[in-house]
Amino acid sequence: MPKINGNEIRPGNVLDHNGGLWAAVKVDHVKPGKGGAFAQVELRNLRNGSKLNERFRSADKVERVRLEQKDQQFLYENDGMLVFMDAETYEQVELPAEILGDRRPFLQDGMTVVVEFHESEALSASLPQKVTCKIVETEPVVKGQTAANSFKPAILDNGLKVMVPPFVGQDEMIVVNTETMEYSERA
């Protein structure tokens, strides 16, 4: 495992720290008037989700971990556990449903998801950036309503509510950005 200096930690880096795997969520470089500069790092444990604030001086060495990313197919949900399958080896892996947080409704049967592994342990899953959904309920299309940046609420087939442009009608397929949870384009 490569060791990096404390001032080289970036958000998204995974560190082996205090016997656990931690992802750097937020990094602030602080240079006080007296004393040496340090990095104030907010860490999130990849195994149990707990948070930790830690200070690293530039002289501190930290172990950076590389996670292996594999494409996995979502099969089903069972007792709060999401079951994924490797398309090549047909091995199945389970992850808790909370790992996706508020993006869970975007997960569809058969969807290909990137699962991150450390050695053979599955740690996290990330959805594709864009997902196609169907609008179940929205206000009717009004002709001539072309005011700049006017959006209307719409309820998707997965139960989520997103804001869509006025020209999008009911029963239409739209593409939603899973990171911002906003309308992206018509499908």
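Residues numbered from 1 in each chain as written. Predicted model: local features only at pLDDT ≥ 70, side-chain atom pairs only at ≥ 80, totals over all residues. Heavy atoms only, no water.

- The name recorded for the protein in an unreviewed UniProt entry is Elongation factor P, from Sedimentitalea arenosa.
- What UniProt records for the protein under Pathway (unreviewed entry) is the sentence "Protein biosynthesis; polypeptide chain elongation." (UniProt positions renumbered as here; feature names shortened; annotations may be inferred.)

What to know about the pairing of strand β9 (residues 92-96)
Two faces belong to every sheet, and in a regular strand the side chains alternate between them.
Next, step 1: Residues V93 and L95 of β9 are buried on one face, while the alternating residues Q92, E94 and P96, pointing to the opposite face, are not.
Next, step 2: Of the pairings in the sheet, the one linking strand β8 (residues 81-86) to β9 comprises five bridges and is antiparallel in character. Opposite M81, over in β9, you have P96 as the bridge partner.
Next, step 3: Between β8 and β9, which pair antiparallel one after the other, the connecting turn spans five residues, and Y90 there sits at a positive phi close to 60 degrees. (Buried < 20%, exposed > 50% of the residue type's maximum accessible area, 1.4 Å probe, protein only. Helix = DSSP H or I, 4+ residues; strand = E, 2+ residues; numbered from the N terminus. Pairing = 2+ DSSP bridges.)

Side note on the nonpolar core
Next, step 1: Grouped together as the largest cluster of nonpolar side chains are 28 residues, with contacts concentrated most on F84, L107, L156, V164 and I174.
Next, step 2: Elements supplying a minimum of two residues to this core: β8, β9, β10 (112-118), β11 (121-126), β12 (130-138), β13 (152-156), β14 (161-164) and β15 (173-177).
Next, step 3: Contact partners of V164, with chain neighbours within four places excluded, come to I135, T138, F151, K152, A154, I174 and Y183. (Core = buried A, V, L, I, M, F, W, Y, C linked by side-chain atoms within 4.5 Å. Contact = heavy atoms within 4.5 Å.)

Here's the deal with the UniProt feature "domain: Translation elongation factor P/YeiP central" (unreviewed entry) in the protein
Next, step 1: In this numbering, the UniProt entry assigns the feature "domain: Translation elongation factor P/YeiP central" (unreviewed entry) to residues 69-123.
Next, step 2: Secondary structure content for residues 69-123 is 0% helix and 56% strand, and the end C-alpha separation is 10 Å.

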